[in-house]
Amino acid sequence: MENLTENQVVYTFFGYGRVTNLNARRDGFVEIDSKFGKVITKRERVRTAVTIFIKTFYDARRKFEYEFPASATILDVKERFLAQNFPDMLTSSIRLIYPMGSLRELEGDQTLEDLGIGHNAQLIMTVLQSFTWDEQLKGSSIQLLNDNYMANKNSETQYELVLATRGFASGKVYWEIKIDTYYEPEDIIIGVANDDVNLYTRPNIGKFWGYIATGAKKIAENIYEDYGETCHIGDIIGISLEYNKGNATLSFSRNGTSFGKAFTDLYGKLYPAVGLYYGEVQVTLLSKPRFSPQR
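This section reports on the structure supplied with the text. Keep in mind it's a predicted model, so treat the numbers as computed, not measured. (Residues numbered from 1 in each chain as written. Predicted model: local features only at pLDDT ≥ 70, side-chain atom pairs only at ≥ 80, totals over all residues. Heavy atoms only, no water.)

### What about the packing of aromatic side chains?
Filter applied, for reference: Stacked, tilted and edge-to-face pairs are distinguished by plane angle, under 30 degrees for stacked and over 60 for edge-to-face with tilted covering the rest, among Phe, Tyr and Trp rings (Trp via its six-membered ring) whose centres lie within 6.5 Å. Numbering of helices and strands starts at the N terminus; helices are DSSP runs of H or I of at least 4 residues and strands are runs of E of at least 2. Three exposure classes are used, based on accessible area relative to the maximum for each residue type with a 1.4 Å probe and protein chains only: buried under 20%, partly exposed in between, and exposed over 50%. By definition here, charges over rings are those cases where NZ of Lys or CZ of Arg is within 6 Å of the ring centre and within 35 degrees of the ring normal.
In the structure shown here, the tally under the stated rule is 15 aromatic pairs. For the ring pair F131 and W175, a centre distance of 6.3 Å and an interplane angle of 70 degrees mean the geometry is edge-to-face. Taken together, the positions of F131 in the loop between strand 9 (121-127) and strand 10 (133-138) and W175 in strand 14 (residues 172-181) put the pair 44 residues apart, joining distant regions of the chain. Each member of the pair, F131 together with W175, is buried. Considering the side-chain rings of Y159 and Y277, the 4.3 Å spacing of their centres and the 15 degrees angle between planes classify their relative orientation as stacked. Taken together, the positions of Y159 in the loop between strand 12 (150-155) and strand 13 (160-164) and Y277 in the loop between strand 22 (271-276) and strand 23 (279-285) put the pair 118 residues apart, joining distant regions of the chain. Overall, Y277 belongs to the partly exposed group, its relative accessible area being 22%. Here the aromatic cluster, defined as three or more aromatic residues joined through ring pairs, consists of F64, Y66, F68 and F81. Between the NZ or CZ atom of K63 and the centre of the ring of F53, over which it lies, the distance is 5.1 Å. Its end group placed over the ring of F68, R80 keeps NZ or CZ at 5.1 Å from the ring centre.

### As for unusual backbone geometry
At A216, a position not held by glycine, the phi torsion is positive, near 55 degrees. Note on placement: A216 falls in the loop between strand 16 (208-212) and strand 17 (217-220). One non-glycine residue, K245, lies in the positive phi region at around 55 degrees. Here K245 shows up in the loop between strand 19 (236-244) and strand 20 (247-254).

Shown next as structure tokens:
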């Protein structure tokens, strides 16, 4: 049976709460101040610790199980996880994601109680690795600004592509691109490409797989289909590329809401890429993409 003290943070069938009375009504029962108000329950149903599962693709696909005090913070979770598994890493180099509903990145000073992360919850650990747009892998009309995180095209030429400075052939990577400005519904195509893709053509001739973010379509060789939602200036597009046994799945989201899988069975080394079209078009690669480098 759990040893309890008054005002202790605990977890019950009603979620998190604080002990307010150790001898409620009769022996063996306690009073808990929960989000539903005052509740009385048996001591044996009160947990002072919760089980948290942490999934990672770093080094290999693995799932870890821990018990943490009900009062634990996200920083507590990170520090223990790294100390036992990756002692050379800094807590600032990883992120914990809660995948229920909209993806939520968890901050260090937040508690499990604050976040509503209950018993048997599953979290995802990701590693931060920065990349930028590549000066050598872009169309000539595309300008790179803001330390090469921003791609701008202000010309009436046809589609031009720009690729990132690194590609991926294993693991799982997630990055985000902000839509800064565009003119026509098909001005911005966000996706991945091989490094030998034609940088001066509409991205549907092969070696490119993408999401027409401003037109709600997915596009690739012989594919032009409805997908996702129409995005607008200021929206943040999330891109997830995940390899499993050599094949990759590409998915997209808008402001944290996933659209599900866009493409499956991709293979080979793929680079984050965007295609920019007519008039002034601009996107920004948000810094510190999250990357799990091997499976």
